[in-house]
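Geometric and topological summary
Residues per chain, in single letters:
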Amino acid sequence: MKTIYGLVSLFFITFFWSIYQPKESFTCFLEIFPALIGFLILALTFNKFRFTNLTYALILVHCIILFIGGHYTYAEVPLFEYVKEVFHQSRNNYDKVGHFAQGLVPAIIARELFIRKNVIANKAFFNFIIVSTCLAISAAYEWIEWAVSISSGDQGDAFLGTQGYIWDTQSDMLFATIGACCGLLFFSKPQDRQLKASGFISK
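Everything in this summary refers to the structure shown in the same document. Because the structure is a prediction, the values reported are computed rather than measured. (Residues numbered from 1 in each chain as written. Predicted model: local features only at pLDDT ≥ 70, side-chain atom pairs only at ≥ 80, totals over all residues. Heavy atoms only, no water.)

1. Digging into the overall build of the protein
Here is the rule: The helix and strand labels rest on DSSP assignments: H or I over at least four residues marks a helix, E over at least two residues marks a strand, and numbering proceeds from the N terminus. The reference for a compact globule is 2.2 Å times residues^0.38; the radius of gyration itself is calculated from the C-alpha atoms. In this scheme, a residue with accessible area under 20% of its type's maximum is buried, one over 50% is exposed, and one in between is partly exposed, where area comes from a 1.4 Å probe on protein chains only. A contact between two residues is defined here by any heavy atoms of the two lying within 4.5 Å. Per-residue accessibility takes into account occlusion by the displayed protein chains alone, with areas from the Shrake-Rupley method and a 1.4 Å probe. Only four residue types enter the charge count, namely Lys and Arg as positive and Asp and Glu as negative; His and the chain termini do not. Where a charge lies is defined by one atom per residue type, namely NZ (Lys), CZ (Arg), CG (Asp) and CD (Glu).
Secondary structure summary: the protein contains eight helices and zero strands in total. The globule rule puts the C-alpha radius of gyration for 203 residues at 17 Å, and the 18 Å found for the protein is close to it. If one aligns the C-alpha atoms of the protein with their principal axes, the spans along those axes are about 50 × 35 × 35 Å. Residues counted as buried form 42% of the 203 residues belonging to the protein. Looking at the protein alone, contacts between residues at least 24 apart form 74% of all its contacts between residues at least 6 apart. On the protein, roughly 11400 Å² of surface is accessible, and the fraction owed to carbon and sulfur atoms is 68%. Across the protein, the centroid of the 15 positively charged side chains sits 22 Å from that of the 14 negatively charged ones.

Okay, here's the thing in structure tokens:
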């Protein structure tokens, strides 16, 4: 439980930093809202379904990415302004970090759920279905961004974060797909070790 308390503490520290004098209050709310909903769901289901510490840690990393984007807006995160200048990029690409995480973290969440709930009987399709699920989540989030931008006008532009790049939506989904594949590639074995240690899968 010490690990969980530590993760929760980091969550609230970065959350309160994010909402303290953000660049744009409306954009900050839109960006951090998914993290708050996720925290609420995880808190309410903690006693019934507790994820491995690895999964919780990756969820926290994703939340921190959202909090940073909410505080500065994705188009103006200072570190990536520096990267933009050094590598002569045409835009601030911090949003690609967010979309990479949007693929990686759901992949690990889905993987643990699928294993523990024995969702997929045919293991040959296991990774394919996880990546497809993450791509569907990414597409749904693009719909949300589109709807918010249309309904809120100029206020939604910072949330959409295209920065004039016409292929922003497609590249966002590509980075989410790459993130999902990287999640399965680099975190499957560590997750299996924690699942075995917790008795969720046989040794």
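Next, the rest of the story.
2. Looking at the state of the cysteines
Put simply, the rule reads: Disulfides are defined in this document as cysteine sulfur pairs within 2.5 Å.
Overall, the coordinates contain zero disulfides when judged by the stated rule. Free of any disulfide, Cys63 has its nearest neighbouring cysteine sulfur in Cys28, separated by 13 Å. Here Cys182 is not cross-linked by a disulfide; its sulfur's nearest cysteine counterpart is in Cys181, at 7.0 Å.

3. Observations regarding the layout of surface pockets
Rolled over the atoms, a probe as big as a water molecule pinpoints where empty space is left. What counts here: In this analysis, the protein atoms alone were mapped onto a 1 Å grid. Cavities are point sets where a 1.4 Å probe fits without being able to get out; pockets are open sets with protein on both sides within 12 Å along at least five of seven lines; lining residues have an atom within 4 Å of a point. Grid points are joined across faces, edges and corners, and a volume is the space filled by probe spheres set on the points. Amino acid classes used here: Ala, Val, Leu, Ile, Met, Phe, Trp, Tyr, Cys and Pro are nonpolar; Asp, Glu, Lys and Arg are charged; the rest, including Gly, are polar.
Approximately 960 Å³ is the volume found for the largest pocket. For the lining of the largest pocket, the secondary-structure elements that each account for two or more residues are α2 (25–45), α3 (53–72), α5 (94–116), α6 (126–152), α7 (157–160) and α8 (168–197). Residue composition of the lining of the largest pocket, by class: 27 nonpolar, eight polar and five charged. Here the second largest pocket is characterised by a volume of approximately 300 Å³. For the second largest pocket, the lining is made up of 16 residues, of which Ile4, Val8, Phe39, Leu42 and Tyr56 are closest to its centre. Elements with a contribution of two residues or more to the lining of the second largest pocket: α1 (2–19), α2 and α3. Tallied by class, the residues present in the lining of the second largest pocket amount to 15 nonpolar, one polar and no charged.

4. Focus on the packing of α1 against α3
Where we set the bar: Fitted lines through C-alpha atoms give the axes, limited to the stretch in contact for helices. The angle between two N-to-C directions lies from 0 to 180 degrees. Working rule for angles: under 35 degrees goes down as roughly parallel, over 145 as roughly antiparallel, 65 to 115 as roughly perpendicular, anything else as oblique.
Packing of α1 against α3 brings their axes to within 9 Å, and their N-to-C directions diverge by 5 degrees. With respect to α3, the element α1 is oriented roughly parallel. Packed against α1, whose contacting residues are Thr3, Ile4, Leu7, Leu10, Phe11, Thr14, Phe15, Trp17 and Ser18, the element α3 presents Asn53, Tyr56, Ala57, Leu60, Cys63, Ile64, Phe67, Ile68, Gly70, His71 and Tyr72 at the interface. A per-class count over the contact of α1 with α3 returns 14 nonpolar, six polar and no charged.

5. Some details on the environment of Gln102
You can see Gln102 is positioned in helix α5. Residue classification places Gln102 among the buried residues on the basis of a relative accessible area of 8%. Between the alpha carbons of Gln102 and Ile150 there is a distance of 22 Å; along the sequence they are 48 residues apart.

6. Re the nonpolar core
Put simply, the test is: Within this scheme, the nonpolar core is defined by two criteria: the residues are buried Ala, Val, Leu, Ile, Met, Phe, Trp, Tyr or Cys, and they are joined through side-chain atoms within 4.5 Å.
Judged by nonpolar contacts, the single largest core of 28 residues is most densely connected at Phe11, Ala35, Tyr56, Leu58, Cys63, Phe67 and Tyr94. Among the elements that make up this core, the one with the highest residue count is α3 (nine residues). Residues within four places of Tyr56 in sequence aside, it is in contact with Ile4, Leu7, Leu42, Phe46, Phe49, Arg50 and Phe51. If you look at the next biggest cluster of nonpolar residues, it comprises 10 residues, including Phe126, Ile130, Val131 and Cys134.

7. Some points on the pattern of salt bridges
The line we're drawing: Criterion for a salt bridge: a side-chain nitrogen of Lys or Arg within 4 Å of a carboxyl oxygen of Asp or Glu.
Evaluation of the coordinates by the stated rule reveals eight salt bridges. Where Lys96 meets Asp172, a salt bridge forms, and the shortest distance between an N and an O atom there is 2.5 Å. Pair noted here: Lys96 is in helix α5 and Asp172 is in helix α8, with a separation of 76 residues, a long-range link. When its relative accessible area of 7% is taken as the criterion, Lys96 is described as buried. Classification of Asp172 as buried rests on a relative accessible area of 0%. Three or more residues joined by partner-sharing salt bridges are found here, namely Arg91, Asp95, Lys96, Asp168 and Asp172.

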